[in-house]
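Notes for the structure review
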Amino acid sequence: MAFLTTRKNKTPLGIYVHVPFCRSKCQYCDFYSIPDKDETTADAYLDAVCRHIKETGPLAPNHYVDTIYFGGGTPSYFGAEGLATILTAIRRSFDVAGDAEITFEANPESVQDSLLKRLRAEGFNRVSLGIQCDDDEILRKIGRPHTFEQAVNAYHRIRRAGFQNVSVDLMYGLPNQSLMSWRNTLENVLTLKPEHISCYGLKVEEGTPLYDYQDQCNLADDDTQADMYLAAVEILKGYGYRQYEISNFAKRGKVSRHNLKYWTGMEYIGFGPDASSDFAGKRYTYVRSLPQYIAGIREGGQIISEISEIPVRERAGEYLMMRLRTIGGINRQEYESSYLLPFGPLEDVLRANEARGLARCDNDRWNLTPQGFLVSNSIISDLLVAQDRSEPLAKRR
């Protein structure tokens, strides 16, 4: 594909590829995924997603791709050949920057030296490894198909393969997990020295197996989860990790560039069943069904399940909701120039929360404190009410 526009005049774009295959379904997982896979279905998915990428590339001639993220499901379970084929399709159809961040998610039991060697050679440069915790009994209860020893071995394999940017996913609030055991998990994982750590509180989602027997699991209550979260903030800070988003911590220069696109309102295009996009002023999601997705691509049928054009005031609300997930926070000039709405009513709300130790202002940027993150939904709700009551700046003049 000929890229006629020089990159300096192009807009950065993220690409997300949803790989829906897993070895088994975790008890808490509500993402669209298919336990196990047969080769016929896997081949059909690969053909469909590559065809979809080829068809979409010409729609973004004025963009260049600076982040690519393979999520799932379990991309490492899909295998190196399939992931490499999809990445090649992206490179042929889009203008991919030479220094693009290219991430794949992996589960410990599916990490093999041959997979890592191939993907490293293909240009993947970041791995997100799902460890969750260091207690094998808890891992078994939540349906994780690996032990902590396997996770440690997988991490060392990733390092030996030459990956210098590794993220680790952890969860707190798990069955029978105490504050002390959570602190031990953090300390044990920190001996690995990953560049990035994500810490997610367990959310019991309706429709998952865990939802049906949650009362028998000895799950942490809200106060205990809050203590676990604040412990993570404290411990990780002590080890040199900067919190840059509610659940994410990184060494200097190692934030997830792709995920920042979601939190800062940048454009991205998704591929695969149930993948979402925010591109050309529209937000859309593909069908949550692999057979429907494959059939739609093959036959030219409908694969979009939801699509909407986002009004300016709604975008302004999203700016508040997403930016306040990050340490970068929000800014008066940024807000007023982008959405032509007054920042004053929002600042009144923020000042009130500053007095409670929940918000702070630094260099004209407002962000939430760790304690504020714990009640962010309430703070953002108050901000949205204030925004809804305000008149556009142009109208006021």
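Predicted model, so just to flag it, every value in this text is computed and none were measured.

Reading the values: rules and limits
What you see as residue numbers is a count from 1 along each chain, following the sequence as written. pLDDT decides what is reported in this predicted model: residues at 70 or higher carry local features, side-chain atom pairs at 80 or more are listed and counted, and totals for whole chains, interfaces and linings draw on all residues regardless. Hydrogens and waters are ignored; side-chain quantities use all the structure's heavy atoms. Throughout this description, the term nonpolar core refers to a set of buried Ala, Val, Leu, Ile, Met, Phe, Trp, Tyr and Cys residues connected via side-chain atoms within 4.5 Å. Exposure categories follow from relative accessible area, calculated using a 1.4 Å probe and restricted to protein chains: below 20% of the type maximum is buried, above 50% is exposed, and the middle band is partly exposed. The way it works is that DSSP assigns letters per residue, a run of H or I at least four long becomes a helix, a run of E at least two long becomes a strand, and they are numbered from the N terminus. Pairing of aromatic rings covers Phe, Tyr and Trp, the last through its six-membered ring, and needs centres within 6.5 Å; plane angles under 30 degrees mean stacked, over 60 mean edge-to-face, and all others mean tilted. For a Lys NZ or an Arg CZ to count as sitting over a ring, it must be within 6 Å of the ring centre and within 35 degrees of the ring normal. Any two residues whose heavy atoms approach within 4.5 Å are treated as being in contact. Structural elements are reduced to axes, namely lines fitted to C-alpha atoms, with helices fitted over the stretch in contact, and the angle between N-to-C directions of any two is expressed from 0 to 180 degrees. Angles below 35 degrees are treated as roughly parallel, those above 145 as roughly antiparallel, those between 65 and 115 as roughly perpendicular, and all remaining angles as oblique. Working rule for handedness: look at the near helix, and if it is turned counterclockwise from the far one by less than a right angle, call the crossing left-handed; if clockwise, right-handed. All amino acids are sorted into three groups, where Ala, Val, Leu, Ile, Met, Phe, Trp, Tyr, Cys and Pro are nonpolar, Asp, Glu, Lys and Arg are charged, and the leftover types, Gly among them, are polar. Here the rule is simple: two strands pair whenever DSSP picks up at least two bridges between them. Defined by distance alone, a disulfide is two cysteine sulfur atoms within 2.5 Å.

This next bit is on the nonpolar core. With 103 residues, the main nonpolar core has Phe-70, Ile-86, Ile-90, Phe-94 and Phe-104 as its most contacted residues. The element that contributes the greatest number of residues to this core is helix H1 (residues 39–56), accounting for 8 residues. Of all hydrophobic cores here, the second largest spans 12 residues; its members include Cys-29, Cys-133, Ile-142 and Cys-217.

Let us look at the packing of aromatic side chains. Evaluation of the coordinates by the stated rule reveals 17 aromatic pairs. Between Phe-21 and Tyr-45 the ring centres are 5.5 Å apart and the planes differ by 85°, which places this aromatic pair in the edge-to-face class. Of this pair, Phe-21 sits in strand E2 (residues 21–22) while Tyr-45 sits in helix H1, and the two are 24 residues apart along the sequence. Among the aromatic residues, those joined into a cluster by ring pairs are Phe-70, Phe-104, Phe-124 and Phe-163. Lying across the ring of Phe-163, Arg-120 places its NZ or CZ 5.5 Å from the centre. A cation over an aromatic ring shows up here: Lys-251 above the ring of Tyr-241, its NZ or CZ 4.6 Å from the ring centre.

Along the chain, the position of Arg-120 falls in helix H4 (residues 113–122). Spatially, the C-alpha atoms of Arg-120 and Thr-224 are 40 Å apart, while their sequence positions differ by 104 residues. When near neighbours in sequence (up to four residues on either side) are disregarded, Arg-120 contacts Ala-161, Gly-162 and Phe-163.

Below, the discussion takes up the packing of helix H7 (residues 179–190) against helix H9 (residues 222–238). The N-to-C vectors of H7 and H9 enclose an angle of 30°; their axes lie 10 Å apart at closest approach. When the interaxial angle is binned, H7 and H9 end up roughly parallel. Crossing handedness for the pair H7 and H9: right-handed. When H7 is examined against H9, the residues Leu-179, Trp-182, Arg-183, Leu-186, Glu-187 and Leu-190 are found in contact with a partner set consisting of Asp-227, Met-228, Ala-231, Ala-232, Glu-234, Ile-235 and Leu-236. Per-class residue counts for the contact of H7 with H9 are 9 nonpolar, no polar and 4 charged.

Our next topic: the sheet that holds strand E17 (residues 365–368). Here 3 strands make up an open sheet; going across it, the order is E15-E17-E16 and the pairing antiparallel. The open sheet has two edge strands with one neighbour each: strand E15 (330–331) and strand E16 (359–362). Across 2 bridges, the pairing between E15 and E17 is antiparallel. In the strand pairing of E17, Ile-330 is matched with Trp-366. Relative to E16, helix H14 (residues 344–355) is tilted by about 110°, and along the sheet it contacts E15, E16 and E17.

A few words now on the state of the cysteines. Defined simply, a disulfide is a covalent bond joining two cysteines at their sulfur atoms. Within this structure, the stated rule accounts for 0 disulfides. Cys-26 carries a free sulfur, and the closest cysteine sulfur to it, the one in Cys-29, is 6.2 Å from it. Accessibility expressed as a relative area gives 16% for Cys-29, which makes it buried.

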